[in-house]
Amino acid sequence: MNELLLLALAFGRISLGSFAGGLASIALIYHEVVIHYHWLSPEEFEQMISLAQMSPGPIAVNAATYIGKRLAGLPGAAVATAFMVGTPIVLLLTIAYTIKFFPLGTKAKHKITQSLRPGVAALLTASALRLFSSSLGKPIYLLLAPLALFLLLKSKAKDQPSLAIILCGALAVATALAARAL
Amino acid sequence: MIKDIFFLFLKSSLLALGGGFVFIGFIELEIKKKSWDSLCDIPSLIAVSTSLPGPIITNLSYLIGKSLKGSIGGLTAILGAILPPFLIIYFLAPLLMNQGASNYFVATFLRGGLIGVMVFVLLTASRWICAVCKMGAVSFISYVLMTVLMLMGVHPLFALSIGFIVNISWGGKRDIE
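Here the structure is a predicted model, which means the values were calculated and not measured.

1. Focus: the domain arrangement of chain B
Residues and elements named next belong to chain B.
Then, number 1: You can read the domains of chain B as domain 1 (2-100) and domain 2 (104-170).
Then, number 2: Once you take the C-alpha centre of each, domain 1 and domain 2 turn out to be 26 Å apart.
Then, number 3: Residue-level contacts link four residues of domain 1 with four residues of domain 2.
Then, number 4: Overall, the association of domain 1 and domain 2 removes approximately 280 Å² of surface from exposure, summing both partners, and the carbon and sulfur fraction of that is 73%.
Then, number 5: Applying the counting criterion to the domain 1 and domain 2 interface returns zero salt bridges.
Then, number 6: Here domain 1 is connected to domain 2 by zero residue pairs in polar contact (both at pLDDT 80 or more).
Then, number 7: Residues of the side of domain 1 that touches domain 2, tallied by class, amount to two nonpolar, two polar and no charged.

Take a look at the structure:
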C-alpha cells in the first residue's frame with residue numbers, strides 16, 4: 001500500500017489514543033512504528049523519543065515529523081504531522097456537531113472523563129515499562145535515574161522537564177569524556 | 001490580529017519546553033499579558049483540550065485561536081505552534097540520528113536523555129495510578145488488565161476501548177473530583 005496512506009492511518013490512530021498528552025502516546029507510537037510496521041528499530045525508537053522530548057513541540061508531533069520524513073521525505077513528514085494534529089480537531093468538530101442534537105449533561109461528561117482515567121494510567125505504565133526495558137540494554141545508564149528523579153522533583157528544573165532531560169544527556173556525555181581522559 | 005496570533009503561538013511553542021502542561025501555564029500568562037483573556041474563556045478551553053485525545057499543545061492552540069478569530073484563527077494558531085518543532089526535527093534530527101549511530105557522543109547524549117524521559121514518564125504514571133487506586137476495584141483491575149494487554153502487544157487503542165467500556169458500565173463507584 002501507499003506509504004503516505006499508511007502514515008496517515010498510523011498517526012491518525014496514535015492521535016486518537018493519546019489522551020492526557022504526549023507521554024501516554026509513547027506506548028502507541030511504539031506499537032505502530034516498531035511492533036506493527038517495523039519502520040524503526042527499537043534502538044532508533046529510543047533515540048527518537050529522547051530527541052523528541054528535548055526539542056520544543058509535542059512529543060508525538062515530533063515523532064510524526066521524524067518518521068514521516070524517514071519514510072517519504074517532505075510529503076511524508078507533512079502527512080504524518082497533519083494527521084497527528086488534525087485528527088482530534090476533526091473529532092472535536094464532530095462531537096460539537098453531535099452534541100447539538102444529543103446534549104450531554106455535566107454528569108455524563110464527568111463520567112466519560114472518569115472512565116478514561118484507568119486507560120491513561122495504563123498507557124503511561126506501558127510507556128514507562130517499554131522505556132525501562134530498552135534501557136536495560138545498557139544498564140550503566142540507569143545510574144542517571146536518581147539524578148533525573150532529583151532534577152524532576154526537587155531542583156529548579158522541575159518545571160522545565162526538557163531541561164532536566166537535556167541535563168541527563170549532558171552528564172552522560174561528561175562522564176563518557178572523563179572516562180576517556182582517564 | 002492573525003499575524004499576532006501566529007507569532008504568539010510560534011513564540012510559545014519555542015519557549016515552552018517540556019510538553020503540554022508547561023505550554024498551558026505559559027500560554028495562560030501570554031494571553032493575559034496581551035489582555036486577550038476577555039476574548040476567550042481560557043480555563044474551559046484548557047479543560048476541553050486536555051480531555052480530547054491528541055497533542056494538548058495543538059488542541060489548545062486551535063481552541064484559543066478559534067475563540068479569538070474563528071476557524072482561520074484556529075488554523076493559524078496550530079500552524080504557529082507546529083512550525084518551529086517541525087523545522088527543528090525536519091532539519092536537525094537526520095543530522096543527529098544518521099551520524100548518531102556512528103557518533104559515540106551523540107548516542108551517549110540521547111541515551112542519557114532517555115533515562116530522564118523514563119523517569120519523567122514513571123513520575124507521571126505514578127500520579128495517575130494513585131488517582132486510579134482511589135477510584136475503586138473495577139477501575140484498578142481494568143487498569144492492570146489494560147497494561148498487561150498493551151505489553152503483550154495488543155493494540156493500545158483496542159485495550160483502551162475495552163477498559164473504557166468496562167469503566168463506563170461498572171467503574172467509578174466512588175467518584176473523586
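2. With respect to the environment of leucine 8 of chain B
Residues and elements named next belong to chain B.
Then, number 1: As for its position among the elements, leucine 8 is in helix α1 (residues 2-15).
Then, number 2: Taking the C-alpha atoms as reference points, leucine 8 and serine 71, 63 residues apart in sequence, are found 17 Å from one another.
Then, number 3: Ignoring anything within four residues of it in the chain, the contact list for leucine 8 reads Ile27, Glu30, Ile31, Lys34 and Trp36.

3. Notes on the packing of α1 of chain B against helix α2 (residues 20-33) of chain B
All names here are of chain B.
Then, number 1: Running from amino to carboxyl end, α1 crosses α2 at an angle of 145 degrees, the nearest separation of the two axes being 10 Å. Here α1 and α2 pass one another in a crossing that is right-handed. Together, Leu8, Phe9, Lys11, Ser12, Ser13 and Leu15 of α1 and Phe23, Phe26, Ile27, Glu30 and Ile31 of α2 make up the contact between the two elements.
Then, number 2: A class-by-class count of the residues in the contact of α1 with α2 yields seven nonpolar, two polar and two charged.

4. A closer look at the interface of chain B and chain A
Many analyses report the size of an interface as the accessible area lost when the parts associate.
Then, number 1: Listed as interface residues are 77 residues of chain B and, on the opposing side, 92 residues of chain A.
Then, number 2: Interface area for chain B against chain A, summed over the two sides, is near 7,900 Å², with a carbon-plus-sulfur share of 79%.
Then, number 3: At the junction of chain B and chain A, the tally comes to one salt bridge.
Then, number 4: Glutamate 43 of chain A is the partner of arginine 111 of chain B in a salt bridge, and the nearest nitrogen-oxygen pair spans 3.7 Å.
Then, number 5: At the junction of chain B with chain A, the criterion picks out nine residue pairs in polar contact (both at pLDDT 80 or more).
Then, number 6: Only α1, α2, α3 (42-51), α4 (56-100), α5 (104-133), α6 (137-151) and α7 (156-170) of chain B provide two or more residues apiece to the side of chain B that touches chain A.

Basis of the calculations
Residues numbered from 1 in each chain as written. Chains lettered and ligands numbered in written order. Predicted model: local features only at pLDDT ≥ 70, side-chain atom pairs only at ≥ 80, totals over all residues. Heavy atoms only, no water. Domains from an automatic or database assignment. Contact = heavy atoms within 4.5 Å. Buried area = accessible area lost by both parts, 1.4 Å probe. Salt bridge = Lys/Arg side-chain N within 4 Å of Asp/Glu carboxyl O. Polar contact = N/O pair within 3.5 Å; in protein donor to acceptor, adjacent residues only side chain to side chain. Nonpolar A, V, L, I, M, F, W, Y, C, P; charged D, E, K, R; others polar. Helix = DSSP H or I, 4+ residues; strand = E, 2+ residues; numbered from the N terminus. Axes fitted to C-alpha atoms, helices over the stretch in contact; angles between N-to-C directions. Left-handed = near helix turned anticlockwise from the far one by under 90°.

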